[in-house]
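Here's the letter readout for the chains.
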Amino acid sequence: MKEEASTRALLKAPAIRRRLKFWRHQWVAVPLLLAIPILAVSGVFGEKSWELTQMKNDVRIRVKYPERFRYNQLQPIEVVVENLANTTLKDVEVRFDTAYINKFSNVSFIPEPHNAYRIKLNTLGPKEQQEIAAEIQAKDYGKHAGSVEVLAEGAVLAKVDISTIVFP
């Protein structure tokens, strides 16, 4: 009987305080891993369009473009050019940055570009506006930056810088 009591005392586990022990890199990595689903649910990794407007030299250019979207998705780009002056602008063109557009596939414009993503609007009367519609499909991951410029008689009247992030 004495042996049974001593055996029970030996089998009883000692009281140990439970605690988490992380290495330094784990203190950084674990919160980041927990943040990813929260950011995804809140829409940080989703599609988003952005609209920029610039007024310069009596010309207003408004560009609505995809700020972020996913690989292989189609997204529109809308450009509205407005002549705010009381005079007619001649030989008006809208030029898209070639380096930006080349990062996408299945690019289409209405009206059609005449030369390296240059779209002729010809004349733009006083207080008149014209619209350009484009559609792009993401083919390269990462951040792509470029610009959209309005030219009249070869001189740049207004410029809007645009940037798009393509997620995998």
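Here, every reference points to the structure presented above.
Residues numbered from 1 in each chain as written. Predicted model: local features only at pLDDT ≥ 70, side-chain atom pairs only at ≥ 80, totals over all residues. Heavy atoms only, no water.

Here we take up the overall build of the protein chain. Helix and strand content of the protein chain: 3 helices and 9 strands. When the elements of the protein chain are put in sequence order from the N terminus, they spell out α-α-β-β-β-β-α-β-β-β-β-β. A compact globule built from 168 residues should have a C-alpha radius of gyration of about 15 Å, whereas the protein chain, at 30 Å, is more than 25% larger. C-alpha extents for the protein chain along the principal axes are approximately 110 × 30 × 20 Å. Residues classed as buried in the protein chain amount to 29% of the 168 residues present. Long-range pairs, those at least 24 residues apart, make up 62% of the contacts in the protein chain between residues at least 6 apart in sequence. Of the roughly 11500 Å² of accessible surface on the protein chain, a fraction of 54% belongs to carbon and sulfur atoms. The positive charge centre, built from 24 side chains, and the negative charge centre, built from 19, are 16 Å apart in the protein chain. (Helix = DSSP H or I, 4+ residues; strand = E, 2+ residues; numbered from the N terminus. Rg over C-alpha atoms; globule rule 2.2 N^0.38 Å. Buried < 20%, exposed > 50% of the residue type's maximum accessible area, 1.4 Å probe, protein only. Contact = heavy atoms within 4.5 Å. Areas by Shrake-Rupley, 256 points an atom, 1.4 Å probe, with all protein chains shown as cover. Lys, Arg positive; Asp, Glu negative; His and termini not counted. Charge placed at Lys NZ, Arg CZ, Asp CG, Glu CD.)

Our next topic: the side chain of Arg68. Mapped onto the fold, Arg68 is located in strand S2 (residues 59-70). Put simply, Arg68 is tucked away with no salt bridge, and the nearest opposite charge, on Glu67, sits 4.6 Å away. Apart from the residues lying within four places of it in its own chain, the contact partners of Arg68 are Gly43, Val44, Gly46, Glu47, Lys48, Ile165 and Phe167. (Salt bridge = Lys/Arg side-chain N within 4 Å of Asp/Glu carboxyl O.)

Throughout the structure, instances matching the rule amount to 5 aromatic pairs. An angle of 55° between the planes, with centres 4.9 Å apart, marks the rings of Phe96 and Phe109 as tilted. Here the residue Phe96 occupies a position in strand S4 (residues 89-96), and Phe109 occupies one in strand S5 (residues 104-110), the gap between them amounting to 13 residues. Across this residue pair, the class does not change: Phe96 and Phe109 are buried. Here a set of aromatic residues connected by ring pairs shows up, and it is made of Phe69, Tyr100 and Phe104. Here the basic side chain of Lys21 rests over the ring of Trp23, its NZ or CZ set 6.0 Å away from the ring centre. (Phe/Tyr/Trp six-rings, centres within 6.5 Å; stacked < 30°, edge-to-face > 60°. Lys NZ or Arg CZ within 6 Å of the ring centre and 35° of its normal.)

Just geometry here; none of it tells us what the structure is for.
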